[in-house]
Amino acid sequence: SGGGGGRGMRVVERREDLIKAVEMTRAEAGAAFGNPMVYMERYLQKPRHVEIQILADEHGHPIYLGARARSLHRRHQKLIEEAPAPFITAETEALLLANSKALFDAVDYVGLGTCEYLLSDEGELYFLEVNPRLQVEHTVTEEVAGVDLVAAQLAIAAGGEIPRGGEARGHSIAQRVTSE
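Residues numbered from 1 in each chain as written. Predicted model: local features only at pLDDT ≥ 70, side-chain atom pairs only at ≥ 80, totals over all residues. Heavy atoms only, no water.

A.B. asks: Outline the environment of Ser-172, supporting the account with residue identities and numerical values.
C.D. replies: For Ser-172, the position within the fold is in strand β6 (residues 172-175). Ser-172 sits in the buried class, given a relative accessible area of 9%. Excluding residues that lie within four positions of it along the chain, Ser-172 makes contacts with Glu-81, Glu-82, Ala-83, Thr-139, Val-140, Glu-143 and Val-144. (Helix = DSSP H or I, 4+ residues; strand = E, 2+ residues; numbered from the N terminus. Buried < 20%, exposed > 50% of the residue type's maximum accessible area, 1.4 Å probe, protein only. Contact = heavy atoms within 4.5 Å.)

A.B. asks: So, the side chain of Arg-68: which residues are in play, and what are the values?
C.D. replies: Its place among the elements puts Arg-68 in strand β2 (residues 63-74). A polar side-chain atom of Arg-68 sits 3.0 Å from a polar atom in the side chain of Gln-53. A polar contact of 2.9 Å, which involves the side chain of Arg-68, links it to the side chain of Gln-135. (Polar contact = N/O pair within 3.5 Å; in protein donor to acceptor, adjacent residues only side chain to side chain.)

A.B. asks: With reference to specific residues and values, describe the nonpolar core.
C.D. replies: One finds Val-50, Ile-88, Leu-96, Tyr-117 and Leu-125 to be the most contacted residues of the largest nonpolar core, which totals 15 residues. Counting residues per element, the ones that place at least two in this core are β1 (48-56), β2, α2 (90-106) and β4 (111-119). Each residue touching Leu-125, except ones within four places of it in the same chain, is listed here: Val-50, Thr-92, Leu-95, Leu-96, Asn-99, Tyr-117, Leu-118 and Leu-119. Ranked by size, the runner-up nonpolar core spans ten residues in total, among them Leu-55, Ala-145, Leu-149 and Ile-156. (Core = buried A, V, L, I, M, F, W, Y, C linked by side-chain atoms within 4.5 Å.)

Written out as structure tokens, the structure is:
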């Protein structure tokens, strides 16, 4: 529960393996993050990771910047990020937007935020987390949405309004280079 970056994750397929997996996960999480607490969730075989970003200022002018996808992973780490998400239907994007909007509206969110979800092969959405900050892959969204997210975040933090960007355009892909 205190980790991230794909660390401390174990898939348990048999009941008899559960206790050992929890013990190993607690030890890894405690050593890496100083927090040995763990939780269990449903394992999805081949999910798609999708995100939707929002910019919201104190003046009631939220803008939603469309869906992006982590289209290639290795060891639970993103390698390829792209926008717009190529496999998202209009119906799924509308559901992502509605869910994210409801969440941000419920807490009167101000700032830059990203709602993250998993999309199963069956088209079911599962909420993962909200990142209330700029993410390393923000440039993918910037390219497609025509909004400078760094400038917008600074304007919001200073109490200003969100600088309006250009029209949504094209397709953007970012690749992470790893030390492997």
